[in-house]
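A structural walkthrough
The primary structure of each chain is shown beneath.
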Amino acid sequence: MSDQPRVISFERVRMRDLAEVGGKNASLGEMIGEMAQAGIRVPAGFATTASAFREFLTQDDLAGRIERLLANVDVDDVTVLREAGETIRGWIAGAPLPKGLVADIEGAYADLTRDHPDASFAIRSSATAEDLPDASFAGQQDTILNIKALDNVLHAISQVFASVYNDRAIAYRVHQGFAHRDVALSVGVQRMIRSDLGAAGVMFTLDTESGFDGVVFITSAYGLGESVVQGSVNPDEFYVYKPNLAAGRPGVLRKSLGTKASKMVFGDQAAAGASTRVVDVPGAERRRFSLTDAQADELARHAVAIERHYGRPMDIEWALDGNEHALYILQARPETVKSRDDANSLRRYRLNSHGEPLASGRAIGQKIGQGAVRLVRSAREMDRVQEGDVLVTELTDPDWEPVMKRASAIVTDRGGRTCHAAIIARELGVPAVVGCGDATSTLADGTAVTVSCAEGDTGHVYAGLLDVETVDVELDRMPPCPTKIMMNVGNPELAFEFCQLPNEGVGLARLEFIINRNVGIHPKALLEFDRQPRDVRDDIEARIAGYESPTEFYVAKITEGVATIAAAFNPKPVIVRLSDFKSNEYSNLVGGSRYEPHEENPMLGFRGASRYVSPEFYDCFALECEAMRRVRDVLGFINVQLMVPFVRTTREAEQVMALLAKNGLERGKNGLRIIMMCEIPSNVILADRFLEYFDGFSIGSNDMTQLTLGVDRDASGALGATFDERDEAVKKMLAMAIAACRDRGKYVGICGQGPSDHPDLAQWLVDQGIESMSLNPDTVVSTWMMLAKASPEK
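Residues numbered from 1 in each chain as written. Predicted model: local features only at pLDDT ≥ 70, side-chain atom pairs only at ≥ 80, totals over all residues. Heavy atoms only, no water.

Side note on the sheet that holds strand β19 (residues 432-434)
Pairing within the closed barrel is mixed, and its 7 strands lie in the order β15-β19-β18-β17-β16-β20-β21. With direction set aside, neighbouring strand axes in the sheet form an average angle of 35 degrees. Bridge count for strand β18 (residues 409-412) against β19 is 2 bridges, and the pairing is parallel. Counted as the bridge partner of I410 is A432 from β19. (Pairing = 2+ DSSP bridges. Helix = DSSP H or I, 4+ residues; strand = E, 2+ residues; numbered from the N terminus. Axes fitted to C-alpha atoms, helices over the stretch in contact; angles between N-to-C directions.)

Considering the packing of aromatic side chains
Working definition: an aromatic ring pair is given by the centre-to-centre distance plus the angle between the planes. Taken as a whole, this structure holds 13 aromatic pairs when the rule is applied. Arranged with centres 5.7 Å apart and planes meeting at 55 degrees, the rings of F238 and F289 form a pair that is tilted. Separated by 51 residues along the polypeptide, F238 in strand β8 (residues 236-241) and F289 in the loop between α10 (283-286) and α11 (293-310) bring together distant segments of the chain. F238 sits in the buried class, given a relative accessible area of 0%. With a relative accessible area of 12%, F289 lands in the buried category. Taken together, the aromatic side chains of F212, F217, Y239 and F496 make up a single cluster linked through ring pairs. Residue placement shows K255 over the ring face of F289; its charged tip is 4.6 Å from the ring centre. (Phe/Tyr/Trp six-rings, centres within 6.5 Å; stacked < 30°, edge-to-face > 60°. Buried < 20%, exposed > 50% of the residue type's maximum accessible area, 1.4 Å probe, protein only. Lys NZ or Arg CZ within 6 Å of the ring centre and 35° of its normal.)

Thoughts on the pattern of salt bridges
Under the defined criterion, the tally for this structure stands at 47 salt bridges. With a closest N to O distance of 3.3 Å, D445 and R384 form a salt bridge. On the criterion of sequence distance, the pair formed by D445 in the loop between α14 (439-442) and β20 (448-452) and R384 in the loop between β16 (368-375) and β17 (390-393) is long-range, its members being 61 residues apart. Salt bridges sharing common partners tie together E237, R254, R362, R417 and D457. (Salt bridge = Lys/Arg side-chain N within 4 Å of Asp/Glu carboxyl O.)

Observations regarding the pairing of strand β28 (residues 696-699)
Side-chain alternation along β28 places G696 and S698 on one buried face and F697 and I699 on a second face that is also buried. Bridge count between strand β27 (residues 674-678) and β28: 3 bridges; the pairing is parallel. Within β28, the position partnered with M676 by the bridge is F697. The pairing of β28 with strand β29 (residues 747-750) spans 4 bridges and is classified as parallel. Across the sheet, residue S698 finds its bridge partner in β29, namely G749.

Description of empty space enclosed by the protein
For the structure on display, the rule yields 5 cavities of 30 Å³ or more. Taken as a whole, the largest cavity holds about 170 Å³ of empty space. Surrounding the largest cavity, 17 residues form its lining, R124, L145, S195, G225 and L330 being those nearest its centre. Mapped onto the lining of the largest cavity, the elements with two or more residues apiece are β3 (121-127), β5 (185-191), β6 (199-204), α8 (226-230) and β12 (314-320). Among the residues making up the lining of the largest cavity, the classes are represented as 9 nonpolar, 4 polar and 4 charged. Its volume calculated, the second largest cavity comes out at about 100 Å³. Around the second largest cavity, the lining is made up of 17 residues, and of these E209, Q366, G456, D457 and E493 lie nearest the centre. Counting only elements with at least two residues in the lining of the second largest cavity, the list comes to β15 (359-364) and α15 (495-498). Looking at the lining of the second largest cavity, its residues break down into 6 nonpolar, 4 polar and 7 charged. (1 Å grid on protein atoms, 1.4 Å probe; cavity = no way out; pocket = protein on both sides within 12 Å on 5 of 7 lines; lining within 4 Å. Points joined across faces, edges and corners; volume = space filled by probe spheres on them. Nonpolar A, V, L, I, M, F, W, Y, C, P; charged D, E, K, R; others polar.)

In structure tokens, the structure reads:
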């Protein structure tokens, strides 16, 4: 035995002891000793050391026998790997712990239970190569929960020692380039928190998919956190905006309700094998969030403090004690995937064709994979997975790592975006769709599919090998552009990704896209919920679960969507166009058919400003306004500007502005700018009059072309060919609108489809003096480069 101690209390451990206690235990000691003053609670415990583990392996030449056996193991041969792992674990299980180590554990255990005689303990691994900045080793060794009594603790420590040679851990070390002999194990013995009566989960100090570092991403479910880590439940999700925490404002940007069908709780016996059990969660609890917004904010504040202390993005496990109602930090380790991405290079995947999804779940990886479905029912069938297959199974865990690297994509029935399997998939660069619920029953073995994780938080599995495009952007090589390039963003789930493209903000955030995607219910059906037919009420009740009322759901979900976009691009301007549903589109929302007129030409019907000022729509518009007010005044996103669409007359302009002011959105107050969508010939003909009410124009080239040429924008055939934003009459209208704004020193931009589709039109608009162009994200880089190339050098 060396001079190093065999056992150390967490209170004495710091990051300098990493070589002896591993990353996980060193971090626990660091937080206990250095971060208690920041209000961070970490349960007490002790750690066995790497020296103690190496002493254990000297018995009966264990270390030498293990090294000789593993020298000839092909870890990509699942059968050979399994046999080697079982042999080594059998050797370790049959070896007694050294007497000196047992004595030291006994003393530390006595100290730990002196003030908590009834406490139970978590027995966790902390490999000396684990949780380092370049490899997570997530879930490679075992964790055993709710262990009581010294003999049970000693037995559990032996089990964790053996788990160094789990199949997954052996393969992972080889794939990560670590020599087996260089990895030793420290075991942490940590007092359990009663999250079996509360909640637990995982949080990252960045968005795990895009790498956006302005948020803390939290997953949460009832019971012990192992259910979230293993991926056996679909948890709740929260995104918390870091700058708002510092400013004393509410931090939660958006949240989504997980199914949380089961939870892990303490078992009947506090010994390995019976220390935990899984029970169903009652329906009423499933329909509630497992954390309050205030608790999410508190967790995020802890996460930010931990990130600041370590100076890098972190992956943190936490627990809410159901007795104390207090939040605890259980682990903190470096985030090892997105924090290593090249900040100057961006690769985007685009699906150029779509179909009806065969299965959908949470997207991991922002990539697209294609291949033949390989349906695997258990780990015993893993060797069926061949290079390029799409692995489809109920649930993966880190044992599957040897074959996960072969797959072109992974699809599971269960799991959340912070489970171990998701972390490994990210490290391997394999796209995954987790928590589908029914993938193993809807996807047939051997069929060709496309797995897309490039469309937002939700990933989809499509039939067939669809057309996929890859776009690489070198962000540090973008030349100056002669006009401001903004973006059209309708899907909040993509905002954290889109904001990394070169941009000057968002020129068009379509509120109806957010309502359709985040709400899906007609506002009148929510205002008159009690008057809806039973089937509609049942549908609405299922959708609004987790929110205190139908109307609060409507306001909150709009707020969440807009706030997410505003946060992603802050402090750059985000111009939000108020809802511009046509009557047929409103009718397609849940409950909408009862409230919408049938119109032969909805494009020229009850839409835009006319709808807002109609008495029958006042209460619906008031909900929309309340959401915008919360975004600006409560959450503090004063970078949000408003845009009013389809204003036919100056009388409508006057009425809308009065209505906005009445609902707390007064032009000029708290810096609020209100833009008008210039898309009707009357807007150009009376530009001087309209600009008296607004801070500028954003030209909608689609409707302007339609109404100038008298051609339906959706027309096909010969008539469709007439629809062209480059027609001389349309360009005359655009030139007049631009000149009117410039003459009065007011903002003028364009947010229609034209510049995205026609580079020559984009160049013409620059020549006319357009202040900004808002483009579809997939055309931002190409248009930027084209305009920069055409612009004369200064």
